[in-house]
Amino acid sequence: MSAPAPGRRPRAADDMFEMTVRGRTLRVSIRRAAGGRGPTRTPLLLLNGISASLELLQPFVDELPGALEVIRLDVPGIGGSPLPVLPYHMSTFAPLVGTLVTRLGYREVDVLGFSWGGGLAQQFAVAQRRQTRRLVLAATGTGSLMVPARPRVLGRMLTPRRHRDPEYTRRIAGEIYGGTMRTNPERAADVLHTYTRKGPRRGYYYQLLAGAGWSSLPLLGLIRRPTLIVAGDDDPIVPVINAKIMHRGIPKSRLHVYPGGHLALLTEARELAPVIDRFLTEPEQR
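Source: prediction; values computed, not measured. (Residues numbered from 1 in each chain as written. Predicted model: local features only at pLDDT ≥ 70, side-chain atom pairs only at ≥ 80, totals over all residues. Heavy atoms only, no water.)

Once that is clear, we can look at the side chain of T42. Among the structural elements, T42 can be located in the loop between β2 (24-31) and β3 (44-47). Residue T42 is classed as buried on the basis of its relative accessible area, which comes to 18%. A polar atom in the side chain of T42 sits 3.3 Å from the side chain of R133. Beyond its immediate stretch of four places on either side in the chain, T42 contacts L68, E108, V109, D110 and R133. (Helix = DSSP H or I, 4+ residues; strand = E, 2+ residues; numbered from the N terminus. Buried < 20%, exposed > 50% of the residue type's maximum accessible area, 1.4 Å probe, protein only. Polar contact = N/O pair within 3.5 Å; in protein donor to acceptor, adjacent residues only side chain to side chain. Contact = heavy atoms within 4.5 Å.)

So this is what it looks like as structure tokens:
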């Protein structure tokens, strides 16, 4: 067996458990900092895309330095989190995540939101600003008020079928995910199925409902934490113009446009993880 790359630690089982917060039970995973002496860096909270359980982001987590403690969760009705009795909304779920962070014993976290999770990350940075040190927004937009995908792509997003039917995923991968999925569409099925635990179909629709009518566009100026916006130049789901709009609206933001599509954080994690880690570790600017 080859030795791990410098700065990375060997794969080990994360701490995985359920926690009930404000009446909602969530499956939570914590990858502890290497060395067993506790975190020496601000922990990183990862907020996932729609219909995706916390395993989806494993390729990205594997590329992060072992010194970084990483927190992940399944939203209600997805992966290992039970289906909620009542739906939820971005504006109410962000404070719930803040309560979770506090109960886990963290004073503040860095937050990375991917796709749907990017909306939740923006809401968290506004509502829970004292708990947020830095923010990373990957392959995401401003919610209901954004430059939309083409109608055909949006139509594909109205159903969780791509998370459940590998052959269907292969057929549509290039069209909806862009980037390397155009030439290697079979990789999308592997990423979305191998690393994702399926939850009830209703969990997917609850996630869609959580973002209904919500937009961060009026809130961008209230995001005061240093922010890195990471976007692909071939992302059919979230056209890159949305990243440029967020960059103009968020005061302390910078934009990194990479050559690729919507799933590059997973499929090209080796290239993107160092970009994000450099942002998280650079000195504070006065």
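Text resumes after the structure shown.
Right, let's get into the nonpolar core. With 86 residues, the main nonpolar core has F60 and F114 as its most contacted residues. Once residues lying within four places of it in the same chain are set aside, the contact partners of F114 are L47, N48, G49, L56, L57, A138, A139, H262, L263, L265 and L266. (Core = buried A, V, L, I, M, F, W, Y, C linked by side-chain atoms within 4.5 Å.)

By the element assignment, G211 lies in the loop between α7 (201-210) and β7 (227-232). When the C-alpha positions of G211 and P274 are compared, they lie 30 Å apart, and in sequence the two are 63 residues distant.

What follows concerns unusual backbone geometry. Not every positive phi belongs to a glycine, and R22 is a case in point at roughly 50 degrees. Assignment of secondary structure puts R22 in the loop between β1 (15-21) and β2. Phi is positive for S115, which is not a glycine, with a value near 60 degrees. Tracing the backbone shows S115 in the loop between β5 (109-114) and α3 (116-127).

Counting buried positions along β2 yields 7 of 8 residues, so the element is predominantly enclosed. As defined by bridge partners, β1 adjoins β2 across 7 bridges and the pair is classed as antiparallel. Across the sheet, the residue bridging to F17 is V28, located in β2. Between β1 and β2, which pair antiparallel one after the other, the connecting turn spans 2 residues, and R22 there sits at a positive phi close to 50 degrees. Sheet topology note: the β2/strand β4 (residues 70-73) ladder contains 4 bridges and is antiparallel. Its bridge partner being in β4, S29 is matched across the sheet by R72. (Pairing = 2+ DSSP bridges.)

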